[in-house]
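Here is how the chains run, residue by residue.
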Amino acid sequence: MTSYTDYTAGEPVVDGRAPQGPIAERWDTRRFEAKLVNPANRRKHTVIVVGTGLAGGSAGATLAEQGYHVVQFCFQDSPRRAHSIAAQGGINAAKNYRNDGDSVHRLFYDTVKGGDFRARESNVHRLAQISVEIIDQCVAQGVPFAREYGGLLDTRSFGGVQVSRTFYARGQTGQQLLLGAYQALSRQIAAGNVELHARTEMLDLIVVDGKARGIVARDLVTGRIDTYFADAVVLASGGYGNVFYLSTNAMNSNATAIWRAHRRGAYFANPCFTQIHPTCIPRTGEHQSKLTLMSESLRNDGRIWVPKAKGDTRPAAEIPEDERDYYLERIYPAFGNLVPRDIASRAAKNVCDEGRGVGPGGQGVYLDFADAIARMGRAAVEAKYGNLFDMYARITAEDPYATPMRIYPAVHYTMGGLWVDYDLQTTVPGLFAIGEANFSDHGANRLGASALMQGLADGYFVLPATINDYLARNPHQEPVTAAHPAVAEAVAETEDRLNLLLAVDGDRTPDSFHREIGELMWEYCGMARTESGLRKALDRIPQIREEFWRRIKVPGSGEEFNQSLEKANRVVDYLELAELMCLDALHRAESCGGHFREESQTPQGEAERRDEEFSYAAAWQFTGTGTAPVLHKEDLVFEYVHPTQRSYA
Amino acid sequence: MPRTLWDSTVGKKTVMAVSGLIMLSYLVVHMMGNLKIFFGAGQFDSYAHWLRTIGEPFLHYEWALWLIRVVLVAAVVGHAVAAYQLSRRDIRARPGGYVHKRARASYATRTMRWGGIILALFIVWHILDLTTGTVHSGFRPGHPYQNVVDTFSTWYGNTIYIVAMAALALHVQHGFWSAAQTLGVGNATRDRLLKTLANVLAVLLFAGFVSVPVAVMTGVVS
Amino acid sequence: MKLTLRVWRQKNADSPGAMATYEVDDISADMSFLEMLDTLNEELTLRGEEPVAFDHDCREGICGACSLVINGDAHGPERTTTCQLHMRSFSDGDTIDVEPWRASAFPVVKDLVVDRSSFDRIIQAGGYISVPTGAAPEAHATPVPKPDADVAFEHAECIGCGACVAACPNGSAMLFTSAKVNHLNVLPQGAPERETRVLDMVGQMDDEGFGGCTLTGECATACPKGIPLPSIAAMNKEWLRATRKARKVGR
C-alpha cells in the first residue's frame, strides 16, 4: 500500500469560465455570455441550498426572487443562527464615500496583496466591483449601519488598510447583515418559493451521471434520513476551522457538507490555508469548549507586551517598565502593534514558546491600555471599546481598565475550501460552493472585513447570475428517484456510517477524539509548520482514526434527537480532512499568508513566498480514506498586481 | 376595524385600556361627589338628586344618569370579557409553570386578575347595597346620606369597602400605566411621569373613597 | 466546586418529562455554564447514559441558540445569555435547577431543547423590507437621521433567543415582535410596509398561541440584549395607527 503522502500530480485544473480581456470588463462579459433561463421556466427548476449564513441566506432569497424553486437546509433551529452572525468588525466596500482615494481597483489590489498572491485576480476584481452593490442592497433591507449626524453612512479603516472603507454596525455587523439576508429569505419562505428544512443536516451529496442532483440529509429531531433532489446543489456550509477543536467558530460549524462533496468528486483547494486571529481571549483550562474573538480594532490603542524574563509570574502591575518587552514595537517599528494578523499571531506564539507567556499555562500576552487611558482618558477609551471591555470582563472576571487584557491567537477562518471556477461551480457539474465553503477570493490570507463582503457577493450577486448558465444548459434533466442506484448507495453509506458509530459502543466520547485531533492540528498544522511536525501529524492521524472506530461511544439511537451522534459523525470527517490539510501544508514548502513553513523564511524571520514553485492553487482529488490523493494545480497568473514580498519591518 | 380590534390580543388590550380609562374617569368624579358628604346630609342628598336631573329640561328625569349607566355597563362588560378571554389565552400559552418558582413582577401587576374579580364582586354588592337597596335592611330611597352612614356603621360594610378600595388602588396603579402602554402613549422619557401619575391617582382614589367610612367610624360624619 | 444539578429530562415531544438529579464535581469558576453541562455530558456518555440535550452554537452570546431557565430565571442570574454565564456566579455546594423555555408556542423537542420556529413564522409574516436583490437604490439616496438609525439598531440587536417568552408569565412574544417591528418601522426604508408589517406580525404572533401582554416587565428584565419594555408601547402605537389607516385603505 502506498503512503498517503505519496500523492500524485494529475492534470492541471483550469478555470474554464473566466473571460479574458480587461479585468474590469470580465464580469460584464461573463454575465453577457452566460445563458439565461426563461423566467417562466425557472419555477420548474429546483435548487438545493445548504446553509443559511450570509452566502446561503442571500443566495436562497435571491434565487427564489428570480423564480427558482429553492429547497434550503440548516442544522440550526432557525436560519437566523448561522455563524455569520458572530462576525464583529465590518464589511468592506469600495464606495469611496470618504473621498480618500479608494476605488474598486484599490480594493482589488489590497485583497490580492493581502492574500499574499495566492488568489485568482478575476475573482477578486469581481468581488471588489460587487462590494459597492452589497451596501446598497443591505441598506435598502434595513440593515442599521452606523451613521453620522448628517444621516449618511459612517465608515472606518480596518486591518491596517489606509482607506476608510469598512461599513459597520457597532460590533455586530455580521449579525445585522445576516438578519438582512434572513429577512429576505423569510419573505421568500412565506411566499412559498423557498422550502426550508431547519434542524436538518446534509450528510452526503448525490451525484447522478456525473452531475450533482441532490443530497442525503438527516432530520435532527426525528433522526430520519431523507433524500432531496434538485437540478443543482449549492453548498454554503461555511468553513472548517472547527477541525482544530478550539476556534472562534460556533460549536456546530462543521466540514461534513464540503467533505462529503469532496469525497463525491469535488476538488478541495488549499486546505492548509487557515487564518489565525491574534486577539482572542486565552483558554482557561481543559474544559474550554471554544474561543472568543476580541475585535482587532483593540490593537489600534492597546500595546502588546510580555515580561522580558522567562517564567516571570508577577502580576502585570508589579513588572516595571524596563522589564517589559513590547515585542511588536521592537521587531516591527514601522507598523508596531498594527502588523497584519498572521504576523501578530506568530510573534505571540514565539514569545510564548520562549516561556515568556502570561496567564494560566503561559499561553497569553498582554494587551495593555494603561497608556491609552493615560493619553485619552478613561471615558474616551470606554466610549471606543466599552462593549469589548465588558465582554472581556464577563468572560475573565478581570477588569481590563485596571489590569492589562490577556490575549492569544486562535483559529478564526479558513481560506481553503472546495475548488470553484469563476462561476463558483466545483469540479462536479451542478455543484456550486459559495462563501467560506469555497476556496474563494482570499488567497492565503484574508483581510479584515472581507469575509462578509465575499459571502454576500457570492450569494446575492455572483451565484444567481452564474447558476443560470448551468441550468440553461441542462434544461431537461431526467428526474431522479430514490430507486436510482446512486441514490440508494449514498443513503446506504450514510445509514451504515451512523449505525456503525452507534454500534461500536467503546469507551471514548466524540469530544475526546475531537479534542485530540484538534490539539494535534494546532501543534503541527497551526501557526507555524515544519516538515517534521507535519509528518508526525500525518503518521498520527490514521492511528487516531483507527482508534476512533474502535473506541467511540455514542449513546442513544439514530431515530431520535441525538447530539452525540451528530458530533461523532462530524468528527469522522475531521479525521479525514485533517490529513489532507497536513498533506497540503507539507507539500507547500513555501510560506505564504497564513501558511508559515519554518523552513521558508527570510533572514528577518518573515514568511518567504516561493512564487516560481508555488504560484498555484492546490486542488486535491479524493481517492479514498487514507489513500494518497491526486494534486491538480491551477496556475495563478498575475496580470495586474505584481507579486512582491511583504515587509512590515 | 372592530373585528381587527377584537380578534387581536393587542386590540383586546385596547378595549381594556379604553374601558378602564372610562371607568377611571367615572371613579374620579364619583369620589369627588362622595366628598360632599362632609358638607352635611342636605348638601349630599340634593347633590344625589341633582345627578338625576342633569340635562333637564333637554333630557328627561334620570336620562343622563341612565346614559352614564349604559356607558359604564358597556365598559365593565367590555373590560371583563376582554380580561377573561385574554386570561384564558395567557394561561393556555403557558400551561405548566417552572419547577423552580420565584417571585415575579410587582405585587400590583400580579394581582390584576384577582383584584379585578374582587372589584367586580364589590360593584355588585355596592349596587345592591346603595343603589337598589336589595341587601340593605332599612334602605331609604332618596336618602343616600343616611344609607351611607348605615352601611359604614357595620363592621362588614367597612371591611368590604376598604378591602375593595385597596384592590382598586392596586388595580389603578398598574392599570393606568398599563393602559398608557397599550395605547402607545408610553415611552422611555415619559415613563416616570406616567408611573407617578398612576401612583397619584391610586392614592387619591383610595384616600378619597376611604375617607367616608373612616369619617363615619370616627364620628366625623353621622 | 461541587454542585447538584436538577435537570429537566424529556425523551421527546410526546413523552412526559421530569427533573433528574446529577452531581458534578471539579467545576471551575472559569467555566461557562454550558461547559459545566459539557462536563456532565462527558460523564453521562462514559456511563452509557444519554447526555442532556440542549441548544447551543456560537457560545459568544450572539446566535441566540442557548435557552435554559436556570433557577427560574431565563438565562440564569446574570443579564446575559446562558453561554456567557460563568460558574463563578454560583457557589460550591449549590443546587441548580435547569429547565427548558416553557410556552405552548415553544414545544419541547427533547430535554432542554425547544422548538422556536414560531418566531421564524412571525418574521415571515412581515418582518422584512421587500427589496429584491438588485432593486436597491444607492445607499446614500436616503439619509437616515442618526437618532432613528440608533433606535433601529437598538431593536435590531434582538437575537431571537426567546428569553422574553420564557420569562413572561403569559408566554407572550410581544417584546420579540416589537423589536423587529420597531427596527424596521423607524427606518425610511421600512415605511412603505409600515402598516401591513405590524398588523401581519401581530396577527401571526396571536395565531402561534403566544399569550397577551400584561406589562409585567419580566421580558425586558430577562432580555440579554436589553430590548427595553417601552418597545411594546411603541409597537402598540404602530398597531393602532395601522388599524386606523387600514380602515381607510380598505384592507
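Just so you know, these numbers come straight off a predicted model, no measurement behind them. (Residues numbered from 1 in each chain as written. Chains lettered and ligands numbered in written order. Predicted model: local features only at pLDDT ≥ 70, side-chain atom pairs only at ≥ 80, totals over all residues.)

Caption draft 1: Fine view of the overall build of chain A. Counting secondary structure elements, chain A contains 17 helices and 21 strands. Taking 2.2 N^0.38 as the reference for a compact globule, 649 residues should give roughly 26 Å; the C-alpha atoms of chain A span a radius of gyration of 24 Å, in line with that estimate. Projecting the C-alpha coordinates of chain A onto the three principal axes gives extents of approximately 75 × 60 × 50 Å. A total of 649 residues make up chain A; the buried ones form 60% of that total. Partitioning the contacts of chain A with sequence separation of at least 6, the portion at a separation of at least 24 is 74%. (Helix = DSSP H or I, 4+ residues; strand = E, 2+ residues; numbered from the N terminus. Rg over C-alpha atoms; globule rule 2.2 N^0.38 Å. Buried ≥ 20, exposed ≤ 12 C-beta atoms within 10 Å, placed from the backbone. Contact = placed C-beta atoms within 7 Å.)

Caption draft 2: The overall build of chain B, seen in detail. When helices and strands are tallied, chain B shows nine helices and zero strands. Its helices and strands taken in sequence order, chain B reads α-α-α-α-α-α-α-α-α from the N to the C terminus. Its C-alpha atoms put chain B at 55 × 45 × 35 Å along the principal axes. For chain B, contacts bridging at least 24 residues in sequence account for 69% of all contacts bridging at least 6.

Caption draft 3: Inspection of the sheet that holds strand S16 (residues 365–368) of chain A at higher detail. Residue and element names in this part refer to chain A. The five strands are arranged S13-S17-S16-S14-S15 in an open sheet whose pairing can be described as antiparallel. Looking at the sheet topology across the chains shown, the edges are occupied by strand S13 (274–280) and strand S15 (324–325). As judged from the three bridges shared by strand S14 (residues 303–307) and S16, these two strands associate in the antiparallel manner. Among the inter-strand pairings, Arg303 is bridged to a residue of S16, identified as Asp368. Those strands touched by helix H9 (residues 341–353) are S13, S14, S16 and strand S17 (405–414), and its axis lies near 70 degrees from that of S13. (Pairing = 2+ DSSP bridges. Axes fitted to C-alpha atoms, helices over the stretch in contact; angles between N-to-C directions.)

Caption draft 4: Representation of the environment of Gln204 of chain C in the model. Residues and elements named next belong to chain C. Take Gln204: it is sitting in helix H6 (residues 194–207). Sequence separation between Gln204 and Arg121 is 83 residues; the distance between their C-alpha atoms is 7.3 Å. Discounting chain neighbours no more than four positions away, the residues touching Gln204 are Arg121, Ile122 and Ala125.

Caption draft 5: Fine view of the packing of helix H2 (residues 9–34) of chain B against helix H8 (residues 155–182) of chain B. All names here are of chain B. Put simply, H2 and H8 touch, their axes get as near as 9 Å, and they point 130 degrees apart. By the angle between their directions, the pair H2 and H8 is classed as oblique. For the crossing formed where H2 meets H8, the hand is left-handed. Each of Lys13, Thr14, Ala17, Gly20, Leu21 and Leu24 in H2 lies in contact with H8, whose residues at this interface are Val172, Gly175, Phe176, Ala179 and Thr182. (Parallel < 35°, antiparallel > 145°, perpendicular 65-115°, else oblique. Left-handed = near helix turned anticlockwise from the far one by under 90°.)

Caption draft 6: Quick look at the interface of chain A and chain C. Of the residues lining the interface, 62 residues belong to chain A; the matching set on chain C comes to 66 residues. Of all the secondary-structure elements, those providing two or more residues to the side of chain A that touches chain C are helix H3 (54–66), helix H5 (121–141), helix H6 (173–190), helix H12 (451–473) and helix H16 (563–587) of chain A. The leading source of residues in the side of chain A that touches chain C is H6 of chain A, at nine residues. Along the lines of polarity and charge, the residues of the side of chain A that touches chain C split into 23 nonpolar, 24 polar and 15 charged. (Nonpolar A, V, L, I, M, F, W, Y, C, P; charged D, E, K, R; others polar.)

Caption draft 7: Spotlight on the pairing of strand S3 (residues 69–73) of chain A. Residues and elements named next belong to chain A. Of all five residues in S3, four are buried; the element is thus mostly enclosed. Of the strand pairs in this sheet, strand S2 (residues 46–50) and S3 are connected by five bridges, and their pairing is parallel. For Val50, the partnering residue across the bridge sits in S3 and is Phe73. Each parallel crossover has a hand, and for S2 linked through H3 to S3 it is right-handed. For S3 and strand S7 (residues 194–197), the ladder comprises four bridges, and the chain directions are parallel. Along S7, the bridge assignment pairs Gln72 with Leu196. (Right-handed = clockwise from strand over helix to strand, strands pointing away.)

Caption draft 8: Seen up close, the environment of His136 of chain B. All names here are of chain B. Within the secondary structure layout, His136 lies in the loop between helix H6 (112–130) and helix H7 (144–151). You can call His136 partly exposed: it has 16 C-beta atoms within 10 Å. It is 9.8 Å that separates the C-alpha atoms of His136 and Trp125, two residues lying eleven residues apart in sequence. Aside from chain neighbours lying at most four places away, what touches His136 is Asp129, Leu130, Asn147 and Thr151.

Caption draft 9: Focus on the interface of chain C and chain B. The partner chain B presents 35 residues to the 39 residues of chain C that form the contact. Among the secondary structure elements, those contributing two or more residues to the side of chain C that touches chain B are strand S5 (95–100), H6 and helix H8 (230–248) of chain C. By residue class, the composition of the side of chain C that touches chain B is 17 nonpolar, 15 polar and seven charged.

Caption draft 10: Quick look at the domain arrangement of chain A. All names here are of chain A. Looking at chain A, the domain boundaries give domain 1 (277–412) and domain 2 (485–613). Centre-to-centre, using C-alpha coordinates, domain 1 lies 30 Å away from domain 2. Residue-level contacts link five residues of domain 1 with five residues of domain 2. (Domains from an automatic or database assignment.)

Caption draft 11: Inspection of unusual backbone geometry at higher detail. Omega for the peptide link from Glu56 of chain B to Pro57 of chain B comes to 5 degrees, which places this bond in the cis form. Inspection of the secondary structure assignment puts Pro57 of chain B in the loop between helix H3 (41–53) and helix H4 (63–93). Phi is positive for Asp116 of chain A, which is not a glycine, with a value near 55 degrees. With respect to the secondary-structure elements, Asp116 of chain A resides in the loop between helix H4 (104–114) and H5.

Caption draft 12: Highlighting H16 of chain A. Between the first and last C-alpha of H16 of chain A there are 36 Å, a value that for 25 residues agrees with the 36 Å anticipated at 1.5 Å per step. Among the 25 residues of H16 of chain A, 24 are classified as buried, and the element is accordingly described as predominantly covered. (Expected span 1.5 Å × (residues − 1).)

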